[in-house]
Amino acid sequence: MLGILTVLLSSFVLSFHNVTVRVLFSEHLVLGLFLLGGYVKPDLQNSFLLMFMRMLLVVPLMASLAFKLYPSALKEFKDLFTHKRKDVLLQAFGCGVLMFVYIAALYIAIGLIPTGIAMTLFFTYPVFTALLS
């Protein structure tokens, strides 16, 4: 049950994050009263800026949670840099590079696709990910 709740919570946070990125990139009239969003244009430089700001928040948060939820995380992290675990370190590095390219492309796409399609993708993708995982 805890696993399902964790997946649903992560899906909600992912959707909220994507909507926030959409607001940052695109200006829209809200309830016919005021304009919201469009603070940065959707290009590669601003995607990198948003990724850096996300990293400043997520990395310390995940590091603090990792040591509380998984007490041997520090030992595992130190083992990662030994000679016998070099394959795992290379896999982690490769995954990080691919994730970097994925997020940069996603941020540019979020700013360029129409709002209806973006909202549909933002809210259906996490639901299907949660159900299929």
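Residues numbered from 1 in each chain as written. Predicted model: local features only at pLDDT ≥ 70, side-chain atom pairs only at ≥ 80, totals over all residues. Heavy atoms only, no water.

A. The arrangement of the packing of helix α1 (residues 2-25) against helix α4 (residues 86-112) in detail. Where α1 contacts α4, the axes come no closer than 8 Å and their chain directions differ by 60 degrees. In terms of their interaxial angle, α1 and α4 are classed as oblique. Between α1 and α4 lies a crossing of right-handed hand. For the pair formed by α1 and α4, the contact residues are His17, Asn18, Val21, Arg22 and Phe25 on the first element and Leu106, Tyr107, Ile110, Gly111 and Leu112 on the second. Class assignment for the residues of the contact of α1 with α4 results in six nonpolar, three polar and one charged. (Axes fitted to C-alpha atoms, helices over the stretch in contact; angles between N-to-C directions. Helix = DSSP H or I, 4+ residues; strand = E, 2+ residues; numbered from the N terminus. Parallel < 35°, antiparallel > 145°, perpendicular 65-115°, else oblique. Left-handed = near helix turned anticlockwise from the far one by under 90°. Contact = heavy atoms within 4.5 Å. Nonpolar A, V, L, I, M, F, W, Y, C, P; charged D, E, K, R; others polar.)

B. How the structure looks around the pattern of salt bridges. Going through the model one piece at a time under the given rule, you end up with one salt bridge. Close ionic contact of Asp79 with Lys75 constitutes a salt bridge, the shortest N to O distance being 3.2 Å. Within this pair, Asp79 and its partner Lys75 are both found in helix α3 (residues 73-80), separated by four residues, close to a single helical turn. Asp79 sits in the partly exposed class, given a relative accessible area of 26%. For Lys75, a relative accessible area of 54% puts it in the exposed group. (Salt bridge = Lys/Arg side-chain N within 4 Å of Asp/Glu carboxyl O. Buried < 20%, exposed > 50% of the residue type's maximum accessible area, 1.4 Å probe, protein only.)

C. Highlighting α4. Between its first and last C-alpha, α4 extends 40 Å over 27 residues, near the 39 Å set by a 1.5 Å rise per residue. Among the residues of α4, Ile103, Ala104, Tyr107, Ile110 and Gly111 are the ones counted as buried. (Expected span 1.5 Å × (residues − 1).)

D. Structural detail: the packing of α1 against helix α2 (residues 44-69). Contact geometry of α1 with α2 gives a least axis separation of 12 Å together with a crossing angle of 140 degrees. Taken together, the axis directions place α1 and α2 in an arrangement best described as oblique. Once α1 is placed against α2, the crossing between them reads as right-handed. Here His17, Val21, Leu24 and Phe25 of α1 lie close against α2, whose contacting residues are Asn46, Ser47, Leu50 and Arg54. Tallied by class, residues from the contact of α1 with α2 come to four nonpolar, three polar and one charged.

E. Region of interest: a nonpolar patch on the surface. On the surface, a nonpolar cluster with roughly 700 Å² of combined accessible area is contributed by Leu57, Val58, Leu61, Met62, Leu65, Leu69 and Tyr70. By secondary structure assignment, the location of Met62 is in helix α2. (Patch = residues over 30% accessible without salt bridge, like charges linked within 9 Å, V, L, I, M, F, W, Y side chains within 5 Å. Areas by Shrake-Rupley, 256 points an atom, 1.4 Å probe, with all protein chains shown as cover.)

F. Just the nonpolar core, in detail. Val21, Phe25, Leu50, Met51, Ile103, Ala104, Tyr107 and Ile110 together form the largest nonpolar core, which totals eight residues. Every element with two or more residues in this core is listed here: α1, α2 and α4. Broken down by element, the residue count for this core peaks at four residues, all from α4. Filtering out sequence-adjacent residues up to four positions away, Val21 remains in contact with Leu50, Tyr107 and Ile110. (Core = buried A, V, L, I, M, F, W, Y, C linked by side-chain atoms within 4.5 Å.)

G. Quick look at the pairing of strand β1 (residues 27-30). By the bridge criterion, four bridges tie β1 to strand β2 (residues 34-37) in an arrangement that is antiparallel. The partner of His28 across the bridge, within β2, is Leu36. Here β1 folds back onto β2, and the loop between the two strands holds three residues, one of which, Leu31, carries a positive phi near 55 degrees. (Pairing = 2+ DSSP bridges.)

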